[in-house]
Amino acid sequence: MKAAWDMTAPLAQQWKQRLASSIDPALAEEIDAFEAQIELRRQGVIDDKVFAETRLRRGAYGQRYDNGQRHDGIGTRTLAYPSGSLTKGPNTLWDAPGMQRIKLPLGQLTAGQLEVIAELAEEYADGIAHVTTRQDIQLHFVHIDDTPTIMRRLAAVGVTTREACGNSVRNVTACVRTGVCAGECFDTTPHARALARFLLGHPDAQDFGRKFKISFSGCRTEACGLAAIHDLAFVAAVRDGERGFEVLAGGGLGAVPHQAQVLADFVAERDILPLAQAVCRVFARHGEKQNRARARLKFLVAKVGMDTFRKWVADERARLTPDPAWTGLLDDATAHIDGPLKPPSPLPPGPYPPGFDAWRATNVAPQRQPGYSIATVRLPLGDATADQLRALADIARAYTGDTIRATVEQNLALRWVSDGDLPAVYAALARAGLAAAGAGTIEDITACPGTDTCKLGIASSRGLASHLVVRLRRDRDDRPDDVAALRIKASGCFNACGQHHIADIGLLGVSRNVRGRRVPHFQLVLGGRWAHNAGAFGLPIGAIPAKRVGDAIERVVAFYRAERGPGESLHDFFARVGRKRTRDLLADLTDVPPYEEAPELYTDWGDPREYTIGDMGVGECAGEVVSATEFGLADSEREVFEAQVCLDERRHADAAQRAYRAMLEAARALVRMQLPDIGAEPDDIVREFRARFCDTGLFYDPFAGAKFANYLLAMHANPPNRVGPAAARQAVEEAQLFVEAAHACHERIQAGAAA
């Protein structure tokens with residue numbers, strides 16, 4: 001008998017009673033346990049460090065909260081908390097509301113699930129649902145006290161937040177067109193669903209040092225599942241009539257990107273689950289646990305080499321006890337592939353609603369099934385309001401059924417739209433404010449949360465993206481198709497959540513000290529390749545003040561349009577012309593005048609206050625040698641740039657040597673603040689740097705710890721001599737990050753001296 005619903009109980013308890021029979025008992029027990037842990041933490045019984053990992057594994061994050069401001073697709077808006085949240089008073093566990101991440105394997109959503117997320121956004125967050133670059137949805141400004149109820153309401157419609165964050169297997173992603181793409185080998189939907197379900201809570205995936213990301217791709221040539229940037233990636237293949245996958249491992253972005261390497265040329269589809277289990281066991285057993293900066297799988301693969309890693313995986317696979325789930329889950333997932341709600345029909349003759357032709361040109365793609373299309377709903381910066389989500393759920397029910405998917409470019413997509421319904425679908429989207437054209441074009445900019453809500457954010461990636469979207473609209477009608485197809489992606493810090501490394505034009509938020517004041521900058525990263533499963537990473541050209549990034553992009557695009565060869569991609573163009581010419585083109589934009597002459601440069605996008613990244617630590621320095629330090633840091637930046645030029649010219653040994661010298665010069669510049677007479681001998685520089693900045697912790701970033709210092713120490717212990725392309729690229733990337741860390745250290749010391 002269904003339990004009575006006690007209307008006099010607290011609201012959270014009412015929801016628990018109401019949903020008791022709708023939630024899988026095992027999942028309900030987990031949520032109950034988490035709710036108890038919240039109470040124990042409040043009582044001081046559970047250590048905060050332990051509770052932090054507990055809540056992260058339930059998808060509950062802390063977030064930055066800065067004066068109630070967030071960016072939307074146009075500018076900023078003032079946060080208005082739901083009335084329920086306002087009555088709670090100060091949160092007892094977090095200094096401010098946090099973020100709840102919702103895990104959506106392959107980005108799949110039903111209309112009912114979308115409606116529940118809309119309700120949760122409206123009742124517990126700020127009325128906005130945010131689509132991420134890993135096909136998740138996030139709710140921001142959520143109180144920790146509300147998270148168990150949010151989890152229960154999601155669980156009742158088959159959605160979990162389990163292992164959406166933390167040292168776990170994160171959301172399994174896949175191409176949004178899998179199953180409907182004409183160029184794919186076969187539909188990877190059942191395989192991705194089966195593996196996501198298999199590894200969720202699996203005991204062999206609970207002892208990682210860091211997160212673990214998996215993707216599925218149906219082909220090689222398109223962006224598809226972005227295989228190259230994943231810890232473990234499966235690319236569909238057919239061999240002698242048998243379906244299977246090429247398997248890659250060890251990819252990742254972050255501070256230093258690594259391209260995934262081939263683990264197995266071909267694995268039959270029935271063998272992928274045990275192979276993934278074996279990889280997880282190897283990562284748990286051999287992965288770094290103490291130094292989080294080196295704890296991703298990519299560092300383990302780079303350290304031991306793919307041959308050794310491959311042998312370890314084979315040994316673990318041989319030791320596994322056969323599990324019926326290896327095939328049972330795949331059979332079950334195969335039975336749940338989506339399909340059409342309505343029969344196919346041709347596009348009717350016009351006239352069409354205003355704006356339909358432009359929308360259809362960029363947002364609609366034909367499926368391999370005749371008479372059907374996939375329609376992308378472009379979301380500004382990945383954001384949709386609760387009302388918009390409800391409207392989209394209604395549209396899906398009327399025209400496509402439960403075929404909604406979140407995309408890695410922060411949009412939503414409707415699959416199986418009958419072509420005859422396209423005008424009606426467009427009109428319904430337009431009424432909901434969801435019919436913006438330009439999906440997959442240069443205007444469809446990807447941006448991580450940046451300083452809006454992320455504690456690691458250095459610069460406002462969302463604010464910059466909002467500005468660029470408006471600016472890029474100006475020349476939309478005068479834009480060639482190949483320029484329109486360029487991708488722009490912005491990250492607010494080195495963690496690369498905006499995937500800037502694989503964009504044609506990438507932007508990485510950094511900070512610079514100019515005459516004692518901080519100025520928000522973005523590293524301009526050019527030459528990444530979105531296609532071919534994230535086939536190439538770009539390298540930084542230089543740091544541009546945030547308020548001048550629009551000018552820089554206009555110059556870069558104009559340069560490309562004027563001097564490109566026939567059919568030449570932006571990646572190939574910059575490989576040909578070299579970064580030196582590009583940097584010269586932008587040289588005047590990097591010069592920052594005094595505050596009195598250009599105060600706008602000393603503010604970030606969407607925030608009128610003078611720019612700051614908060615309390616990053618304090619230190620001591622001798623004021624009289626600050627100018628010498630700044631000069632030395634500038635020298636180190638020049639060395640990094642020359643290293644990039646050498647890399648472009650395939651002079652790999654020279655590139656690595658210059659990268660090493662750049663780090664030495666930056667370290668020497670810092671040492672000069674305490675020891676003005678430090679010489680140029682590498683051993684002396686490293687010895688003094690270690691003693692004065694490493695042993696004291698003065699150099700260590702509050703979030704990255706000793707990671708960047710270790711780049712110099714490791715290279716000094718094993719100076720680069722004969723190196724190949726991959727090692728040279730890694731050396732240059734590490735040098736760039738070390739120099740950025742040196743700038744940040746200098747700023748912290750100056751701030752401490754002024755306090």
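In this text the structure is predicted, and so the values were computed from the model without any measurement. (Residues numbered from 1 in each chain as written. Predicted model: local features only at pLDDT ≥ 70, side-chain atom pairs only at ≥ 80, totals over all residues. Heavy atoms only, no water.)

*Asks:* Whenever I open this one, empty space enclosed by the protein confuses me. Can you help?
*Replies:* Gaps left between atoms show up when a probe the size of a water molecule is rolled over them. Throughout the structure, instances matching the rule amount to two cavities of 30 Å³ or more. Considered as a void within the structure, the largest cavity measures approximately 430 Å³ in volume. Contributing elements (two or more residues each) for the lining of the largest cavity: β20 (505-514), β21 (517-526) and α25 (725-754). Sorting elements by how many residues they give to the lining of the largest cavity places α25 first, with nine residues. (1 Å grid on protein atoms, 1.4 Å probe; cavity = no way out; pocket = protein on both sides within 12 Å on 5 of 7 lines; lining within 4 Å. Points joined across faces, edges and corners; volume = space filled by probe spheres on them. Helix = DSSP H or I, 4+ residues; strand = E, 2+ residues; numbered from the N terminus.)

*Asks:* What is the right way to read the nonpolar core from this model?
*Replies:* Where a protein is soluble and globular, its nonpolar side chains tend to be buried together. Ranked by size, the top nonpolar core spans 62 residues in total, and within it Ile 117, Leu 139, Trp 359, Leu 412 and Leu 429 carry the most contacts. Among the elements that make up this core, the one with the highest residue count is helix α5 (residues 111-124) (eight residues). Not counting residues within four places of it along the chain, the set of residues in contact with Leu 412 comprises Leu 109, Val 131, Ala 375, Thr 376, Val 377, Leu 379, Leu 389, Leu 392, Arg 405, Ala 406 and Thr 407. Grouped together as the second largest cluster of nonpolar side chains are 47 residues, Val 256, Ala 643, Leu 712 and Phe 738 included. (Core = buried A, V, L, I, M, F, W, Y, C linked by side-chain atoms within 4.5 Å. Buried < 20%, exposed > 50% of the residue type's maximum accessible area, 1.4 Å probe, protein only. Contact = heavy atoms within 4.5 Å.)

*Asks:* Please explain the pairing of strand β19 (residues 488-491) as it appears in this structure.
*Replies:* Burial along β19 is two-sided: Ile 488 and Ala 490 and Lys 489 and Ser 491, pointing in opposite directions, are all buried. Sheet topology note: the strand β18 (residues 446-447)/β19 ladder contains two bridges and is parallel. Bridged to Thr 446 within β19 is Lys 489. The pairing of β19 with β20 spans four bridges and is parallel. Within β20, the position partnered with Lys 489 by the bridge is Gly 506. (Pairing = 2+ DSSP bridges.)

*Asks:* Hey, could you run me through the packing of aromatic side chains in this one?
*Replies:* Given two aromatic rings, one states the distance between the centres and the angle between the planes to describe the pair. One pass over the structure, following the stated rule, counts 24 aromatic pairs. Ring centres 5.6 Å apart and planes at 35° place the aromatic pair Phe 212 and Phe 283 in the tilted group. You can see Phe 212 sitting in the loop between α7 (189-199) and β9 (214-217) and its partner Phe 283 sitting in helix α8 (residues 272-286), a full 71 residues away along the chain. Both residues of the pair, Phe 212 and Phe 283, belong to the buried class. Between Phe 216 and Phe 234, the aromatic rings sit 4.8 Å apart at their centres with planes inclined by 15°, giving stacked as the arrangement. (Phe/Tyr/Trp six-rings, centres within 6.5 Å; stacked < 30°, edge-to-face > 60°.)

*Asks:* Would you mind showing me how to read the packing of helix α9 (residues 297-304) against helix α10 (residues 306-319) here?
*Replies:* The packing of two helices is summarised by the inter-axis angle and the distance between the axes. Contact pair α9 / α10: the axes reach a minimum separation of 6 Å and the direction vectors enclose 115°. By the criterion of interaxial angle, the relationship of α9 to α10 is roughly perpendicular. Side by side, α9 and α10 meet where Leu 297, Leu 300, Val 301 and Val 304 of the first sit next to Met 306, Thr 308, Phe 309 and Trp 312 of the second. Split into classes, the residues belonging to the contact of α9 with α10 amount to seven nonpolar, one polar and no charged. (Axes fitted to C-alpha atoms, helices over the stretch in contact; angles between N-to-C directions. Parallel < 35°, antiparallel > 145°, perpendicular 65-115°, else oblique. Nonpolar A, V, L, I, M, F, W, Y, C, P; charged D, E, K, R; others polar.)

*Asks:* Can you help me understand the sheet that holds strand β22 (residues 539-545) in this one?
*Replies:* The strands making up a sheet are joined through hydrogen bonds of the backbone, oriented either antiparallel or parallel. Taken in spatial order, the five strands line up as β18-β19-β20-β21-β22 in an open sheet, and their pairing is mixed. In this open sheet, the two strands that pair with only one neighbour each are β18 and β22.

*Asks:* I'm lost on the sheet that holds strand β13 (residues 364-366) in this one. Help?
*Replies:* The five strands are arranged β5-β16-β17-β14-β13 in an open sheet whose pairing can be described as antiparallel. Only two strands of the sheet have a single partner each, and these edge strands are β5 (108-109) and β13.

*Asks:* What should I look at first to understand the pattern of salt bridges in this one?
*Replies:* When the charged atoms of two side chains lie near each other, side chains of opposite charge can form a pair. Following the criterion strictly, the structure yields 59 salt bridges and no others. Two residues, Glu 35 and Lys 16, come together in a salt bridge whose shortest N-O distance is 4.0 Å. In this pair, Glu 35 is assigned in helix α2 (residues 25-42) and Lys 16 in helix α1 (residues 11-19), connecting sequence segments 19 residues apart. Classification of Glu 35 by relative accessible area gives partly exposed; the value is 26%. Among the residues examined, Lys 16 registers a relative accessible area of 28% and is labelled partly exposed. Here the salt bridges share partners, and the residues they tie into one network are Asp 204, Arg 281, Arg 285, Glu 316 and Arg 319. (Salt bridge = Lys/Arg side-chain N within 4 Å of Asp/Glu carboxyl O.)

*Asks:* Would you explain the layout of surface pockets in this entry?
*Replies:* There is about 1,400 Å³ of room inside the second largest pocket. Looking at the second largest pocket, it is lined by 47 residues, and the ones nearest its centre are Pro 725, Ala 726, Ala 727, Arg 729 and Gln 730. Residue composition of the lining of the second largest pocket, by class: 23 nonpolar, 14 polar and ten charged.

*Asks:* Quick question: what am I supposed to make of the environment of Asn 495 here?
*Replies:* Tracing the chain through its elements places Asn 495 in the loop between β19 and β20. Residues Asn 495 and Pro 257 lie 238 residues apart in sequence; the distance between their C-alpha atoms is 9.8 Å.

*Asks:* Can you help me understand the packing of α7 against helix α11 (residues 325-334) in this one?
*Replies:* With their axes 8 Å apart at the nearest point, α7 and α11 run at an angle of 130° to one another. One finds that α7 runs oblique with respect to α11. Every pair of crossing elements has a handedness; the one defined by α7 and α11 is right-handed. Within the contact between the two elements, α7 uses Pro 190, His 191, Arg 193, Ala 194, Arg 197 and Phe 198 and α11 uses Ala 325, Trp 326, Leu 329, Leu 330, Asp 332, Ala 333 and Thr 334. (Left-handed = near helix turned anticlockwise from the far one by under 90°.)

*Asks:* Please clarify how the confidence of the model for the protein should be interpreted in this entry.
*Replies:* Regions with low pLDDT should not have their predicted coordinates read in detail. Mean pLDDT over the protein: 88, with 92% of residues reaching 70 or higher. Counting interchain partners and residues more than four positions distant, the pLDDT-below-50 stretch residues 67-95 has 72 contacts. Per-residue pLDDT stays below 50 along residues 615-627; that stretch engages in 26 contacts with residues further than four places along the chain or on separate chains. (pLDDT = per-residue confidence, 0-100.)

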